[in-house]
Amino acid sequence: MGAMHEKVLILTFEDPREDVRKRRRTIVEEELQKLTASLGRHFEVCAMAPIGHKSDVITALDSANEREFSAAILHVPVFVDTSVVCFTARSLKLPLVLVSNTRPDSHGTVGY
């Protein structure tokens, strides 16, 4: 039997504006797929639905049993409402990692 991998929660953020979210959805999905594929080699990953609003954070955290995870990844692949990312960080009682991307066509926001 193989070694048990630690579980990591991935919370991906997207723009809260509906029109922008629709235009950027492909980027969000592509970046999330790359992140889960990369982390999946080392951890058991659980990626929640993309978050645009504080109400999405509450829904995600209600459905994820935080005690099951060793850490949370705050994934910011596109421009987002930084207050939602900060609200999420304050709501979690886990070690956090902030991840963005290096895409020339869409940067994430990491300078809060």
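Rules of the game
Residues numbered from 1 in each chain as written. Predicted model: local features only at pLDDT ≥ 70, side-chain atom pairs only at ≥ 80, totals over all residues. Heavy atoms only, no water. Helix = DSSP H or I, 4+ residues; strand = E, 2+ residues; numbered from the N terminus. Buried < 20%, exposed > 50% of the residue type's maximum accessible area, 1.4 Å probe, protein only. Arc of directions from axis to C-beta. Contact = heavy atoms within 4.5 Å. Pairing = 2+ DSSP bridges. Right-handed = clockwise from strand over helix to strand, strands pointing away. Salt bridge = Lys/Arg side-chain N within 4 Å of Asp/Glu carboxyl O.

### Focus: the environment of valine 76
Looking at where valine 76 falls in the secondary structure, it is placed in the loop between strand E3 (71-75) and helix H3 (82-91). As a C-alpha pair, valine 76 and serine 100 span 24 residues in sequence and 4.9 Å in three-dimensional space.

### Here we look at the environment of leucine 32
Secondary-structure assignment places leucine 32 in helix H1 (residues 18-40). Measuring from C-alpha to C-alpha, the distance between leucine 32 and valine 57 comes to 17 Å, with 25 residues separating the pair along the chain.

### Overview of helix H2 (residues 54-63)
If you check which residues of H2 are buried, you get Val57, Ala60 and Leu61. Summarising the axial view, the buried residues of H2 lie within an arc of 90 degrees, below the 170-degree limit, and thus occupy one face. Opposite the buried face of H2, by more than 90 degrees, sit the exposed residues Thr59, Asp62 and Ser63. Buried residues in H2 make contact with strand E1 (7-12) and H3.

### A word on the pairing of strand E4 (residues 96-99)
Pairing of E3 with E4 involves four bridges; the strand directions are parallel. Residue pairing for E4: alanine 72 is matched across the bridge by leucine 96. As for the winding sense of the linkage, the β-α-β connection from E3 through H3 to E4 is right-handed.

### Considerations on the pattern of salt bridges
Inspection of every chain in the model, using the stated rule, returns 10 salt bridges. Between arginine 25 and glutamate 14 there is a salt bridge, with the nearest N and O atoms lying 2.9 Å from each other. Residue arginine 25 is found in helix H1, and its partner glutamate 14 is found in the loop between E1 and H1; the two are separated by 11 residues along the sequence. Overall, the relative accessible area of 6% leaves glutamate 14 in the buried class.

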